Amino acid sequence: MKVVGIFANLDPDSEDGVNYQTREHVRSMERRGIEWSVILFSQSKIEYAGGTFAKKTTLIRSSKSFALLTLKSVWETAIWLLMRKETGLLRQIGAEARYFDPDLLFFDGLPLAPYRLVLRNRPAILTCVDAMSLRHYRFLAKARTIRAKIKYAVRAISCEMLERALLSRFFSVHVVSEVDADYLRKLCPKASICAIPIRTPKLEMARNLAETTGKFVIWGDIGVPHLRDGLLNFLARVPELIGPNGPEFLILGRRPPDAALLRLLDRFPAITFQNWVQDIDFTLTQARAVLLLDESGTGLKNRAIHAMALGTIVIGTPAALEGIPIEHGKNAFICGGAAEFAAVIREIYLAADEDIARLGRSAVSFIEERYTDSLISDKWEVLFCNAVANSAQLSTG
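Computed from a predicted model, the values in this text were never measured in an experiment.

So, on to the overall build of the chain. Each helix and strand in the chain was counted, giving 13 helices and 13 strands. A buried classification covers 52% of the 397 residues belonging to the chain. In the chain, the proportion of contacts linking residues at least 24 apart, taken out of those at least 6 apart, comes to 67%. Total accessible area computed for the chain in this model is approximately 18200 Å², and 53% of it derives from carbon and sulfur atoms.

Turning next to the pairing of strand β5 (residues 124-129). Regular strands have side chains that alternate between both faces of the sheet. Counted residue by residue, β5 has 5 buried out of 6 residues, so it is predominantly covered. In this sheet, β5 lies alongside strand β4 (residues 104-108) in parallel orientation, the contact comprising 4 bridges. Pairing of Leu 105 across the sheet is with Ala 124, part of β5. Bridging between β5 and strand β6 (residues 172-175) involves 4 bridges; their strand directions are parallel. Bridge pairing links Leu 126 to Val 173 in β6.

In this section: the side chain of Lys 301. Here Lys 301 is to be found in the loop between β11 (289-292) and α10 (302-309). Here Lys 301 is buried and forms no salt bridge, its nearest opposite-charge partner Asp 294 lying at an N-O distance of 4.9 Å. Looking at Lys 301, its side chain comes within polar contact range of the main-chain oxygen of Thr 298, at 3.2 Å. The residues contacting Lys 301, other than those within four sequence positions of it, are Ile 198, Asp 294, Ala 319 and Ala 320.

A few words on the state of the cysteines. All told, the structure shown has 0 disulfides when counted by the stated rule. Cys 128 takes part in no disulfide bond, and the closest cysteine sulfur to it belongs to Cys 188, at a distance of 9.0 Å. By relative accessible area, which is 6% here, Cys 128 ends up buried.

As a further point, take the nonpolar core. Ranked by size, the top nonpolar core spans 31 residues in total, and within it Phe 234, Leu 235, Phe 249, Leu 291, Ile 315, Ile 345 and Ile 348 carry the most contacts. Secondary structure elements with two or more residues in this core: β8 (216-219), α7 (225-242), β9 (249-252), α8 (259-266), β11, β12 (313-316), α11 (338-350) and α12 (353-368). In this view, Phe 249 contacts Phe 216, Ile 218, Phe 234, Ile 242, Ala 270, Ile 271, Thr 272, Leu 291 and Ile 345; residues no more than four positions away in its chain are not counted. Core analysis: the next-biggest nonpolar cluster, separate from the first, contains 30 residues, Tyr 115, Leu 167, Ala 181 and Ile 193 among them.

Along the polypeptide, Ala 357 turns up in helix α12. The exposure class of Ala 357 is partly exposed, given its relative accessible area of 24%. Each C-alpha atom of the pair Ala 357 and Gly 311 lies 8.0 Å from the other, and the pair is 46 residues apart in sequence.

Residue pairs three or four apart in sequence face the same way in an α-helix, which turns once every 3.6 residues. With 18 residues, α7 should reach 26 Å at 1.5 Å per residue; the first-to-last C-alpha distance of 25 Å fits that figure. A maximum bend of about 35° is found in α7 at Leu 235, where proline Pro 239 lies one to four positions downstream. Along α7, the residues classified as buried are His 226, Leu 227, Asp 229, Gly 230, Leu 231, Leu 232, Phe 234, Leu 235, Val 238, Pro 239 and Ile 242. Following α7 by one or two positions, Gly 243 adopts a phi angle in the positive range, close to 95°.

Rules used in this analysis
Residues numbered from 1 in each chain as written. Predicted model: local features only at pLDDT ≥ 70, side-chain atom pairs only at ≥ 80, totals over all residues. Heavy atoms only, no water. Helix = DSSP H or I, 4+ residues; strand = E, 2+ residues; numbered from the N terminus. Buried < 20%, exposed > 50% of the residue type's maximum accessible area, 1.4 Å probe, protein only. Contact = heavy atoms within 4.5 Å. Areas by Shrake-Rupley, 256 points an atom, 1.4 Å probe, with all protein chains shown as cover. Pairing = 2+ DSSP bridges. Lys, Arg positive; Asp, Glu negative; His and termini not counted. Salt bridge = Lys/Arg side-chain N within 4 Å of Asp/Glu carboxyl O. Polar contact = N/O pair within 3.5 Å; in protein donor to acceptor, adjacent residues only side chain to side chain. Disulfide = S-S within 2.5 Å. Core = buried A, V, L, I, M, F, W, Y, C linked by side-chain atoms within 4.5 Å. Expected span 1.5 Å × (residues − 1). Bend = angle between axes of the 7 residues up to and from the residue.

Right, here's the structure in full:
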């Protein structure tokens, strides 16, 4: 089977969650005999070693007007396509796809969905990962300023328009969470929506509890508004509820804290901050538990799956653990408010090492039953084969 994948703003060598998931998706399908050709759009120069991502990669450098395609504000994509500023680019994409002569087209992300209107002669699968309109409607509900409300309202309505207009044009539309899938099925009854979760590499649980730091690691990029807001809400209430004899906390925030966060950190000497660490797996296995404080969002969180795969206890908000069939207290903890967080943190802090080890083993077993590379690749292979077989039946019927 030959597949053309169309991707935008992807760094093939990055280990970030989204880049990792996309790269491993391509590689795992190649290992199963599927031949990939990739059309990769980028606004920045990528130092790319051929063969490390897919055997055939065509890098299309975006022009200034094409930058609209790679912005998060997806509505500008639709405006761009309607204005047809880049007819030459459209011809190039069509020519590349025809040259590869694929059995299947794979579109990565809702911003690229409008190209289905140009590439119509092959079956196609679209991965949205999340239901984008649902994501922005949720951000709108949490927005605190008029400017933010307007921004998220425009994005939500525009994404919904794109979803209603385009999703039914694909053989199947993929998201990672059944929650998002159910939303899109109601929004677009004529579209075929499937939920295939994210994958995790096989990680060895090499935890020696006698050598752990005992710290609770708060993990999340504070440059993302709903992660920063969740952290601020946590710091404003939970440490005081825990009291002075509680555990130490380490915030992995990926970028320096701003003034508001610094003021809160000054109040609690037991809380330290690091932008990032060299070996995230080592840091997570040394932690007593990992806290995920997402205030909103959609889809499945790579951070939750990753930490659980390492055998580290995860304590998260409902938003952080949405779509993961958690059994509270067995393989992770879901906390809906400050009092719940404080109670669970005290419980884990005071628990015996054998109880912590048992919870860690339960988390690993949970992940191995649902999110391993082989299980996820099996589901993708079935989807790809069904798309091609369905197209063949239609052409001969």
